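What follows is each chain in one-letter form.
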Amino acid sequence: HAKSAGKNTIRFFEKAIEQSVREWYEKGTALRQAIARKEFELYFQPQVDVRNNRLMGVEALLRWNRPDRGMMLPASFIPLAEETGLIHPVGDWVMEEALSLLEKWERKGYPSFWLAVNVSARQFRSESFWSDLESRFDRYPASASRLSLELTESLLVGDSGVSAGRIASLRKRGVTFVIDDFGTGYSSLSYLTRLPVDSIKIPQEFVLRMKENERDRKMVEIIAHMARNLDLVLIGEGAESGQEIRMLRDLGCFVIQGFSISRPLSLSGFERFLEQGPPGKEILFQPPPQAD
Ligand code: C2E
Ligand code: MG
Ligand code: MG
Ligand code: MG
């Protein structure tokens, strides 16, 4: 009896594995076709200096609009793209779209907010990522000085000698570098002094927990001190309430990105917003609601 139950269990798992392998394969195929079928889209989430409501930058966030399933968030396909190497064509599409938009926005005379693009470890380590970027700058010469690259910590530790040189040469062209989700990876403070980065982002999990937990609040305070001392722009991510904005402000974090300021906007939504301000002037955001 026990034996046949065991067999059934094995059969059950075999089926489950079979199914997940099939789904994985189908998704990979769909992902491969998605570029040709123009199913990717960038969304844009503003980063605002809450002292004066000035738009400082905007983060490009990838969406996959699957005809039969609707809008997919990166968590549902970026890991697969990274495993399969499809992150290279996907990342290529993102970079081409981002730089051509920057070129267009520059031409239209919008004030120079930066556009932050997420780069995953596999892209960063590939030779062609760098050479493609250089040739894109030839085609979109105004884009380099408005481009910001968001890297994760896990990407910076270990053998990063090459990266430091690469970062330095792109910074000469005006590209800025951001460490995303600072303090959540294999943190090693030494890379901060070794790598020439411009900015760090406080992750949403710290912002969430600092309301309840004194140690988390202290942690954010220490990060803010460090950013100030190292002349790094500090960006707080994931502020969902006026209370979170006020806490970040009190700790010395003034550039904030979060649902309380704006959700990620579609391209047309973001451009509509840009059109409202007169070209060449600063772009001001409505003050976030003070309720709660
Ligand atoms: P991330 O770079 O840390 O991006 C911030 C994420 O936090 C975004 O999720 C954004 O929508 C979300 N967020 C911002 N404010 C709030 C808030 O107030 N509350 C809550 N609950 N969430 C907030 P999203 O768009 O789902 O992206 C998830 C991750 O996917 C990104 O995390 C980034 O690591 C990755 N990703 C996004 N676009 C790309 C891309 O083009 N290339 C690569 N390689 N990765 C990307
Ligand atoms: Mg990011
Ligand atoms: Mg982040
Ligand atoms: Mg995050």
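- The protein appears in an unreviewed UniProt entry as Diguanylate cyclase from Leptospirillum ferriphilum YSK.

## Describing the overall build of the protein
Link 1 in the chain: If you tally the helices and strands in the protein, you get eleven helices and nine strands.
Link 2 in the chain: Over its C-alpha atoms the protein spans a radius of gyration of 21 Å, differing by no more than 12% from the 19 Å that the globule rule assigns to 292 residues.
Link 3 in the chain: Its C-alpha atoms give the protein principal-axis dimensions of about 75 × 50 × 40 Å.
Link 4 in the chain: For the protein, with 292 residues in total, the buried portion stands at 46%.
Link 5 in the chain: For the protein, contacts bridging at least 24 residues in sequence account for 70% of all contacts bridging at least 6.
Link 6 in the chain: Accessible area for the protein stands at about 15,200 Å²; split by element, carbon and sulfur atoms hold 53% of it.

## Concerning the coordination of the magnesium ion (ligand 2)
Link 1 in the chain: At the metal site, the magnesium ion (ligand 2) is ligated by Glu59 (OE), Asn118 (OD1), Glu150 (OE) and Asp180 (OD), and these contacts range over 2.0 to 2.3 Å.
Link 2 in the chain: In the primary structure, the donors to the magnesium ion (ligand 2) are separated according to the pattern E-x58-N-x31-E-x29-D.
Link 3 in the chain: The distance between the magnesium ion (ligand 2) and the magnesium ion (ligand 3) comes to 4.0 Å, with aspartate 180 serving as a donor to both metals. Of this pair, asparagine 118 sits in strand S4 (residues 114–118) while glutamate 150 is found in strand S5 (residues 147–152), placing the two residues 32 residues apart along the sequence.
Link 4 in the chain: For glutamate 150, a relative accessible area of 2% gives the class buried.

Calculation rules
- Residues numbered from 1 in each chain as written.
- Chains lettered and ligands numbered in written order.
- Predicted model: local features only at pLDDT ≥ 70, side-chain atom pairs only at ≥ 80, totals over all residues.
- Heavy atoms only, no water.
- Helix = DSSP H or I, 4+ residues; strand = E, 2+ residues; numbered from the N terminus.
- Rg over C-alpha atoms; globule rule 2.2 N^0.38 Å.
- Buried < 20%, exposed > 50% of the residue type's maximum accessible area, 1.4 Å probe, protein only.
- Contact = heavy atoms within 4.5 Å.
- Areas by Shrake-Rupley, 256 points an atom, 1.4 Å probe, with all protein chains shown as cover.
- Donors = N, O, S within 2.8 Å, 3.2 Å for Na, K, Ca; no water.

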